[in-house]
Every structure is written in C-alpha cells, then in structure tokens.
Amino acid sequence: MPPMKLAFLGVLILLLPIAYADADFSGPLKEYYNLGDKIPVEVALTNTEPGLLKVSIDCNSRSVLYYVTPIDSGSPSKITVPDYTASQSLIGDCHITLSVDSLDGNAKSQESSSGFKVTNEILIDSVSDKLEYKPGEAVKLSGSIRKKSGASLRNATLHVTLDDETKILEAKEGFSYSLPIKQASKSGKKEIVLMVRDGDLNEGSTKVPFNLLPKASSMQVIINGKEFMPKSSVEFRIAVYDQAEEIMKIPVKTEIRNPKGTTIQSMETMSGIISAFSMEDFAMPGTYTIKGSVGGISGESRFYIKQVVEIQAKYEDQIVTITNTGNVLFENKTTIILEGDGKKIMLTRDISLEPGAHDIIDLSREVPSGTYSVSLPEGAVGDDKFLKDIYIKDNRPLAKRIQQGLLGITGNTLGISGSSSLKMASYIMIAILVGLVIYYMPKDRLRNIKFPRFSFSRPTTGKQRYINRILGNYKK
C-alpha cells in the first residue's frame, strides 16, 4: 500500500470514537410523566462482552442511578428495566442514560434517551351552560380531568368553590355537576374555581367565569323631613337593594299622593340618587305619601304638610285686595279701619275664600270722600298694613249713602257691615220712601191707582182648554 494511503487510513482510525454503543433503547419514552407515574425502559444489547449495564435518570435538580446489572454473552438481547416512579424531587426536564462499563470499571459505551418532563400538573377543562344567571339558579358545569401524562387518575378529589364555599367531590375524568347559587349572593362578575388533587400530589385548577344579575329584593324611601310648609322643596332618596343588600342603579317609578290618595306627581327617579319636588303654593294640609315601585317590589314613606290660615291684604288705587294665601278655606270677618276728619270708620266684611282666591273692596264705593289713615285687616300679611294720607273719592251709590247715613250719622264712629245690617237698612229706607209717597200723594190720584192682581190658580191644561172652547169661555 502506498505511503499516502496508509497515512489517510491512520487518520480515519484516529477520528473513529473509541467507545461504541453496547446498549440502546428499544422504544421511545413519553413527553410527560406525572408524579406517581411509572417510567418504563427497555434496553437492546448489541455487545455480549462481560460488563455492567447501568441505567440512571438525569433531571435538572438531581441524577439517580436506579438500576445496575451484569451482562455477558449469555444475557438476553433485550432487558426490561424495572419501572422508575416519578417523584417530586425530579420535577423538570429529564432524560434516561444507559451506560456499559467493563468489569474493571472502565466505561465502554453510553446512550441518552430523548428528553421528557416530570410534572405534577393535572389538566381541567370545564364550561358552564350559560354566561348569565339569576340568584337562586344553578350553574351546570361539565368538563374533563386528566393528568398531563395522559395516565389515569387515582384517588383524586375535585374541589368546587363559589362565594368562599367549597364542595368536595370525587374527581372523574369526565364530569357533570350542578352548582346552586345562593339567593343572597353578590351580583356582578363572578367565577367558579375548580381544583383537583390526587394522592401523588398532582394538582390542577381552572376558573369558570359568569355574570350574576342583580335582583331587586327590597326598597327604602328616605325623606329629608317629616313636616313641611306649602311651597317647600321636598328632597327624598329611593334606595333599591339587590339580593346582597347593595344599592342598585336602576330607574324607579315614583308617585307623590296627596291626603286624598290622588296622585299629584309622577316621575322616574334613579335608585340611590337624591331627588326633589316642590309642593304647590296652596297644597292642602295633611299626610302625603311618596311611593316607589320596580320589579314587583315597592316602598313608601310619608310626610305632613302643615295647615296655614293666612290672608294677604294689599292696597292700590283706592282698592284693597284680600287674598287667601293659606291652604285652607278662610271664613271670617275682616275689618278695614279708616280715620280722618274726626271720624273713625270700621269697614267690616264677611270673607269666605278658597285657597288662592281673592276679594276686592273698593273704598271709594264704601266711604265718603276725604283723606284717611287706613289700617288694613289685623293679622293679614303684607309690607304696608298702615297707610297715611290716603285720599279717597266718593263713588258711593245713592242708596248706600242713605244707608250709611241712617246707620251712623249720629256718632263719630261709623260701623259699616257688608251683611245683614246693610240689608235691614235697605228695607227700612224703602219702607220710609213708600210711606212718604203715599202720605203726600193726592187722595183722588191714590184712589185711581190700580194695583196688579196676582192669580195663584193652577195652569190650564190642554183638556181644560178644549172644554172651555166648547163652552165658549176659552179666551186666547
């Protein structure tokens, strides 16, 4: 052989590995092994020279030599290694190493398996039958549970937690479970936590979200007082509480009813928000009710409007206007006092006014002309109750002048009433005038006066007229 070829052959010999594979894996390993799973290994021998076969598991945290056996020409071509149980100390990335050593301890060959993971993870897949529920309904859960390695579950329990309450069930690879929701459960976004754990310390969890709708369960109506005056602003708040006693932000149908039970205002208010309304100027006294209703529940509260007996007197251009500014019927006498020219005139009227109604007294048609100090009715509200140097024209009718002259001509104080006294004076004056006319009228003219005759006979019926016409007595 030429020297060049010998040199090339020598280089090839130097490049060949000294060790050669005496053992190899006869089958692949799985990708994952859970705690408690058995890791099987089968070795195929290709060298029957005497030595030692070693099997170890090598992971991130530690390496364990767990099998050693002598081999020789009589050993079988395939050797089944005792299963190794995955433990918590090996969690992480691992592989199996096969090595063959000579009897004197020299390494002859070594082979590593493909990588796999030792894990404690259990996979849970679960869904609910819908996304929204009402208090008192049940969430229907369904799903599956499996080890990540795919091995069967052993001695596993399923923990189902909702609203800090946990139920423990037997874990099955396929499950269906109905979980009731408490009537008082808080509304909003919620989740059911499912956690599974087995006797080998494998575990896993998942969450099933859903939305719990609020349900109106009670109502409270709060008013900022118990008693009010007419024209007052009444503030109130209607609070609608859900099943967990939390205020709901929902519109509420609201009615305000008067003491007769009649609805005087209807509105829509927002739960939990302060609202207000104003009482009428002449709101009747008594007990009023604010009532709210929504979703089959209602609530109410009451307040009281005080009774106001009040009139207002106002003078302008010889006219006094008296207005009932209270909230009840005003029935009473009212007196206006006028003083001037050494006389004191007390003008008294019987007043009967509904709330808001008014009456006017034209002083120019009640008293003689002159300059007066005018005192408006006592007890009436108003800025100017006493007026000085008020000139009043005399626009009284003739009859009233005579009436007032007959009533008060002899004294310095003249009481003028708008009721029975004036009527009586009118009757007296008419009687006097009629008497004077009769007294001074000539007797011959008096005899010729024909006074009308009054007939009180019953009206003639149609039948009677027919009879009279036949008898010739009927007159058109």
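Below is a short write-up of the structure. Residue numbers run consecutively from 1 along every chain, following the written order of its sequence. Only residues with pLDDT of at least 70 are given local features in this predicted model, and only at 80 or more are side-chain atom pairs given and counted; all residues enter the totals for whole chains, interfaces and linings. Each side-chain value is worked out from all heavy atoms of the structure, with water and hydrogens disregarded.

Section: the overall build of the protein chain
To qualify as a helix, a DSSP run of H or I must reach at least 4 residues; to qualify as a strand, a run of E must reach at least 2; elements of each kind are numbered from the N terminus. Counting its regular elements, the protein chain contains five helices and 33 strands. Only protein chains enter the accessibility calculation, which uses a 1.4 Å probe. A residue is then buried if its area is under 20% of the maximum for its type, exposed if over 50%, and partly exposed in between. Residue burial in the protein chain is summarised as follows: out of 476 residues, 36% are buried. Only heavy atoms enter the contact rule, under which two residues are in contact if any of them lie within 4.5 Å. Restricting the contact set of the protein chain to residue pairs at least 6 apart, pairs at least 24 apart contribute 60%. Per-residue and other accessible areas follow the Shrake-Rupley method at a 1.4 Å probe size, with only the shown protein chains counted as cover for residues. Only carbon and sulfur atoms are counted for the fraction: they give 53% of the accessible area of the protein chain, which is about 29,000 Å².

A closer look at the pattern of salt bridges
Definition used for salt bridges: Asp or Glu carboxyl oxygen within 4 Å of a side-chain nitrogen of Lys or Arg. Counted under the stated rule, the structure contains 20 salt bridges. For Lys148, the salt bridge is made with Glu121, and the minimal N-O distance between the two is 3.2 Å. Here Glu121 lies in the loop between strand S9 (116-119) and strand S10 (122-128) and Lys148 lies in the loop between strand S12 (138-147) and strand S13 (157-162), a separation of 27 residues in the sequence. For Lys148, a relative accessible area of 27% corresponds to the partly exposed category. Judged by relative accessible area, Glu121 falls into the partly exposed class, the value being 32%. Between Arg197 and Glu203 there is a salt bridge, and its shortest N-O distance comes to 3.4 Å. Looking at Arg197, the relative accessible area reads 34%, which means it is partly exposed. Here the salt bridges do not stand alone but share partners, grouping Glu165, Lys167 and Lys182 into one network.

Considering the side chain of Ser271
Here Ser271 lies in the loop between strand S22 (263-270) and strand S23 (274-278). A polar side-chain atom of Ser271 sits 2.7 Å from the main-chain carbonyl oxygen of Met248. The residues touching Ser271, leaving out its near neighbours within four places in the chain, are Ile238, Ala239, Val240, Ile247, Met248, Lys249, Ile250 and Val252. Polar contact criterion, stated in full: a pair of N or O atoms within 3.5 Å, where within protein one must be able to donate a hydrogen and the other to accept it, and residues adjacent in sequence count only if both atoms are side-chain atoms.

Some details on the pairing of strand S20 (residues 233-241)
Bridge count between strand S18 (residues 218-223) and S20: six bridges; the pairing is antiparallel. Paired with Ser218 across the strands is Tyr241, a residue of S20. Two strands form a pair only when DSSP identifies at least two bridges running between them.

Digging into the nonpolar core
The nonpolar side chains of a soluble globular protein tend to be buried, and buried together. Among the buried residues, those of types Ala, Val, Leu, Ile, Met, Phe, Trp, Tyr and Cys that are joined through side-chain atoms within 4.5 Å form a nonpolar core. Counting residues in each nonpolar core, the largest one holds 28 residues, and the members touching the most others are Val41, Val43, Ile57, Tyr66, Ile96 and Phe116. At the level of elements, strand S1 (23-25), strand S3 (38-45), strand S4 (51-59), strand S5 (63-71), strand S6 (78-85), strand S7 (92-101) and S9 are the ones that each hand at least two residues to this core. Excluding anything up to four places from it in sequence, Tyr66 contacts Val41, Val55, Ser56, Ile57, Val81, Pro82, Tyr84 and Ile96.

Focus on unusual backbone geometry
In the Ramachandran plot, Asp164 falls in the positive-phi region, its phi being about 65° despite a non-glycine side chain. Considering the arrangement of structural elements, one finds Asp164 in the loop between S13 and strand S14 (165-170). We classify Asp164 as exposed; its relative accessible area is 80%. A positive phi angle, near 60°, is found at Glu245, a position not held by glycine. Overall, Glu245 belongs to the exposed group, its relative accessible area being 52%.

Concerning the sheet that holds S20
Ordered by their spatial adjacency, three strands build an open sheet running S18-S20-S23, and the pairing between neighbours is antiparallel. Of all strands in the sheet, those bounded by a partner on one side alone are S18 and S23. Averaged over all neighbouring strand pairs, the angle between strand axes comes to 25°, with direction disregarded. Pairing of S20 with S23, which is carried by five bridges, proceeds in the antiparallel orientation. Bridge pairing in S23 links Glu235 to Ala276. Axis lines are fitted to C-alpha atoms, over the contacting stretch for helices. Their N-to-C directions set the angle, which ranges from 0 to 180 degrees.

Looking at the state of the cysteines
Criterion for a disulfide: a pair of cysteine sulfur atoms at a distance within 2.5 Å. Inspection of every chain in the model, using the stated rule, returns one disulfide. Across the disulfide, Cys59 is cross-linked to Cys94 (sulfur-sulfur distance 1.9 Å). Since a negative S-S torsion denotes a left-handed disulfide, the Cys59-Cys94 link at about 110° is right-handed. One end of the pair, Cys59, is in strand S4; the other, Cys94, is in strand S7, with 35 residues separating them in the sequence. For the pair Cys59 and Cys94, a shared accessibility class is recorded, and that class is buried.

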